[in-house]
Amino acid sequence: MICFGLNDYMISNEPFQLSEKEINNYFNLSQNSEKKRAPKILHKKGDYVNKVFNFILSDSYMHPHLHPSKEKIEKMYLINGSFALIIFDDKGEVTESIILEKGKKEFIAVPAFIWHTYVMLSDKVIIYETMEGFYDPKTWKILASWAPEESSQRSLLYLESLKKNISKKLND
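Everything numeric in this text was worked out from a predicted model, so none of it was measured.

Visitor: So what's going on with the overall build of the chain? Which residues, and what values?
Guide: For the chain, the count of helices and strands is 2 helices and 12 strands. When the elements of the chain are put in sequence order from the N terminus, they spell out β-β-α-β-β-β-β-β-β-β-β-β-β-α. Relative to the globule expectation of 16 Å for 172 residues, the C-alpha radius of gyration of the chain, 16 Å, shows essentially globular dimensions. If you line up the chain on its principal axes, its C-alpha atoms span 40 × 30 × 30 Å.

Structure (structure tokens):
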């Protein structure tokens, strides 16, 4: 069982627990998902604070996006594995890559209006994410027009180029 307490930068004061069975179940869902990820949504419909565990496999591509409202600060807490958060300018050029891994950097907050995506650096990653604001799929995020759609053939090549960029950074 993975059990962790919510420390001072998290929203709630109650600890969360994930059983091995639950973890395996969500990674099985991820494996069978076209997107190679599966969410465990903790908030209820209509809640102001959105809370979700994301179970993500290494070959998952997330369309770069931004959250277009000042309260939509995406807070990510690494639970297991490692990943790189990639920040882009308005033209799609990488401006920053931040590595999150257990025992090192395990938390990051992405401000609203910042283009970003993330690339998994380990086979299986669990991220706990929170964001304020009432969920509306029409206004929650804007997808970058300069990046391929998630289900497109180009997305695999784009993900590979992002991974090479990160690998180069790690080896420099």
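Visitor: So what about the pairing of strand β11 (residues 124-132)? Which residues, and what values?
Guide: Among the 9 residues of β11, 7 are classified as buried, and the element is accordingly described as predominantly covered. Across 9 bridges, strand β4 (residues 49-57) lies against β11 in antiparallel orientation. In the sheet register, Ile56 faces β11, and the bridge partner there is Val125. In the sheet, strand β6 (residues 74-80) pairs with β11 via 5 bridges, with the strands oriented antiparallel. Bridge assignment links Tyr77 to a residue of β11, and that residue is Tyr128.

Visitor: Before we move on, can you summarise the pattern of salt bridges with the specific residues and values?
Guide: Side chains that differ in sign of charge can pair as their charged atoms come close. Evaluation of the coordinates by the stated rule reveals 6 salt bridges. Notably, a salt bridge pairs Lys35 with Glu150, separated by 3.5 Å at the nearest N-O pair. Placement of the pair is Lys35 in the loop between α1 (20-31) and β3 (37-41) and Glu150 in the loop between β12 (142-143) and α2 (153-171), with a sequence separation of 115 residues. Exposure remark for Lys35: the relative accessible area of 45% places this residue in the partly exposed category. Judged by its relative accessible area of 24%, Glu150 is partly exposed. Residues Lys104 and Glu101 are paired through a salt bridge, measuring 3.8 Å at the closest nitrogen-oxygen approach. Here the residues in one salt-bridge network are Lys35, Arg37 and Glu150, joined through shared partners.

Visitor: Run through the sheet that holds β4, naming residues and quoting values.
Guide: The strand order across the open sheet formed by 5 strands is β3-β4-β11-β6-β9, and the pairing between neighbours is antiparallel. Of all strands in the sheet, those bounded by a partner on one side alone are β3 and β9 (107-110). The sheet shows a mean angle of 25 degrees between the axes of neighbouring strands, taken without regard to direction. Helix-sheet contacts for α1 involve β3, β4 and β11, and the interaxial angle to β4 is about 70 degrees.

Cut-offs and rules
- Residues numbered from 1 in each chain as written.
- Predicted model: local features only at pLDDT ≥ 70, side-chain atom pairs only at ≥ 80, totals over all residues.
- Heavy atoms only, no water.
- Helix = DSSP H or I, 4+ residues; strand = E, 2+ residues; numbered from the N terminus.
- Rg over C-alpha atoms; globule rule 2.2 N^0.38 Å.
- Buried < 20%, exposed > 50% of the residue type's maximum accessible area, 1.4 Å probe, protein only.
- Pairing = 2+ DSSP bridges.
- Salt bridge = Lys/Arg side-chain N within 4 Å of Asp/Glu carboxyl O.
- Axes fitted to C-alpha atoms, helices over the stretch in contact; angles between N-to-C directions.
- Contact = heavy atoms within 4.5 Å.

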